[in-house]
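Listed here are the chains, written in short residue letters.
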Amino acid sequence: MTNSPKHTGMANAIRALSLASVERAASGHLGLPLGGADMATVLFSKFLKFDPQHPAWPDRDRFVLSAGHGSMLLYSALHLLGYEDMTIDELRNFRQLGSKTAGHPEYGHAAGIETTTGPLGQGFANAVGMAIAEAHLRKEFGETLVNHRTYVIAGDGCLEEGISHEAAALAGHLKLSRLIVLWDDNGITIDGPVSLADSTDQPARFRAYGWNVDEIDGMDAEAVSVALAKAQKADRPTFIACKTIAGFGAPTRAGKAKAHGGPYGKEEADGILEAIGWTAEPYEIPEDILDNWRLAGLRSAKVRADWEERLAKADPDIRADFERRVKGALPVRLEPAISELKQSLAANPPKAATRKASQMALEAINAVTPETIGGSADLNGSNLTKTSTFEDFQADARQGRFINFGVREHAMAAAANGIALHGGLIPYVGGFFIFSDYSRPSMRLAALMGIRSIYVMTHDSIGVGEDGPTHQPVEQLASFRAMPNMRVFRPADATETAECWQLALERRKGPSILALSRQDSPAVRTKFDRENLSARGGYVLAGGDDTDATIIATGTEVAVALGARAELEKQGVSTRVVSMPCVELFLEQSADYRKSVIGESGALVAVEAGAILGWDRLLQGKGKFVGMSSFGASAPASVLYEHFGITPKAVVEAVTSQL
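Residues numbered from 1 in each chain as written. Predicted model: local features only at pLDDT ≥ 70, side-chain atom pairs only at ≥ 80, totals over all residues. Heavy atoms only, no water.

Student: Which parts of the structure should I look at to understand the sheet that holds strand S6 (residues 212-217)?
Tutor: Sheet strands associate in pairs through backbone hydrogen bonding, adopting either a parallel or an antiparallel arrangement. Read from one edge of the open sheet, five strands run S1-S2-S3-S7-S6, paired in parallel fashion. This sheet does not close on itself; its edge strands, each paired only once, are strand S1 (62-65) and S6. Averaged over neighbouring strand pairs, the angle between their axes works out to 15° when direction is ignored. The pairing of S6 with strand S7 (residues 238-243) spans six bridges and is parallel. Its bridge partner being in S7, Glu215 is matched across the sheet by Ala241. Across the sheet, helix H9 (residues 221-232) touches strand S2 (150-154), strand S3 (179-185), S6 and S7, and the angle it forms with S6 is around 170°. (Pairing = 2+ DSSP bridges. Helix = DSSP H or I, 4+ residues; strand = E, 2+ residues; numbered from the N terminus. Axes fitted to C-alpha atoms, helices over the stretch in contact; angles between N-to-C directions. Contact = heavy atoms within 4.5 Å.)

Student: For this particular structure, what's the right way to read the packing of helix H1 (residues 5-25) against helix H10 (residues 266-276)?
Tutor: The axes of two packed helices give the description: the angle between them and the distance between them. In contact at an axis separation of 11 Å, H1 and H10 are set at 170° when each is read in the N-to-C sense. One finds that H1 runs roughly antiparallel with respect to H10. Judged by residue contacts, Asn12, Arg15, Leu19 and Glu23 of H1 engage Lys266, Ala269, Ile272, Leu273 and Ile276 from H10. Residue composition of the contact of H1 with H10, by class: five nonpolar, one polar and three charged. (Parallel < 35°, antiparallel > 145°, perpendicular 65-115°, else oblique. Nonpolar A, V, L, I, M, F, W, Y, C, P; charged D, E, K, R; others polar.)

Student: Sorry if this is basic, but what is going on with helix H3 (residues 71-81) here?
Tutor: Note that an α-helix has 3.6 residues per turn; residues three or four places apart therefore point the same way. With 11 of its 11 residues buried, H3 lies for the most part within the structure. Turning to H3, its buried residues are Ser71, Met72, Leu73, Leu74, Tyr75, Ser76, Ala77, Leu78, His79, Leu80 and Leu81. Of the surrounding elements, those touching the buried residues of H3 are H1, helix H2 (31-47), S1, helix H4 (88-92) and helix H11 (287-298). Following H3 by one or two positions, Gly82 adopts a phi angle in the positive range, close to 100°. (Buried < 20%, exposed > 50% of the residue type's maximum accessible area, 1.4 Å probe, protein only.)

As structure tokens, this is what we get:
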């Protein structure tokens, strides 16, 4: 291996900046930046299509550092390429409070960071979603507007995590040829050599998935360049096994487990600088090397300018739709469509499971919102996420708007995040609420990033019935409500379901869960109201001011609350029922509004077929909760509600015991 002096200087700039920052912070991971600098340099300087002066250019290539612990590789490259917000001072402040250079790359902190990575394998699966988005939009708008690739650098940890198996199998099935993964094959993990725990033949594994596979010396610039050029012509996703040396240049750590993390210490750091022939002071880049990097940053400026010219010449309607969708704005036809649906539901109030009500809402939404793209984890017959106009998205049907994810909940949620991050599409994906536990890490990252991913979680309680406690959510509502920036919608009927869908779509800066019932629920809203009553999270559904009792309920238990109210009114106990489809939204309202809804009744009861955790914020230590305190059981839903005491009678008793 003999790399050119130009390439060596550029790669060593990444190494030197990474080393300086990790040592200054006394924290971080040097193994990947030191070992992977060569393949990153080739990728950024010769193949990746981007423009640092226009970092949000829609037709840029996407780069995902799935091995997010090696973040200084990305930060160093962004600085060297000329991204304005990645200054030398930001590199100096690596891992410090308020800096753009967090320990792991965080979406939104700086331009050029396409996704938040760190939990291994997440970036890999995000990239599959990005490649799906590119393929669909290229089919819809044509290659003149959409024609880019998604590149990934992944490590051994990414490939060991189960999510990579799910995502890679899906990508191979869909033949996502614009997806290219560079595997940093350095043979070490934190605890020692990879062979301690894994003997997988990774190239063979990816060949079995249907990927194009190459195996190269990842520190040989020419070999990396040849492999990437081949990958760009492949008709399948490409996996390039790049043999590298973790902690390259470190006198005692290179190629060993202790190369993974840092800091290395002064003696080891000095040895690295000597080994790579770097004599400049920390954070100083020789002028010729910086010039080469800045020229690499300008490489796609004309390509971007040509693209903008094509966009300007596009049909005005196509251009307007493309620009609207890239901005994330919703079509003007959506709100009237929701209003029309609500009028129809008021005219003929249905008794229906809210999962069925969700399908009704989606029929109206998808007809006027071309950017929605749905999917399910082999549960569409139960989730009802596929509407009548949707075709399947497949290798030979890129126009399809429904993705069959198979039994892959974790990768499904992460791919949805990748679609949302890509832009131009709004993803929603379906599964059983109980299996949100398989999707949770990806859902948490959506909340952390503040992106518009929508999770349709059906079979939301013991109402699942005969499938039993393995399939009956109990603690899930509480756990997701505890997650910052996650909104959990649990509508009571078809009208609330339509309103909750509208709110989820309108929310640009965070994900939403729609927790939907398996069992039928009567209509609780039978009069049309143009206002979205669910928009404040909770509202008075029945009853007036100054009542003796207030009952708060969500989802299918709103009908239980109304049944209890009817009995209480017979007993002379004036009662208001508060429907609360979104607790988080309600808690965001003013104190005056919350007080006006809950009132100051002598008795306060909350009823929900879930755990009590979190309801103390509304019960304030004085009310009672009717719900679950254990796992469920296998029996018909009606029997279970009676068995666990989630009935109008139980609510009445909880009220009267306080009066």
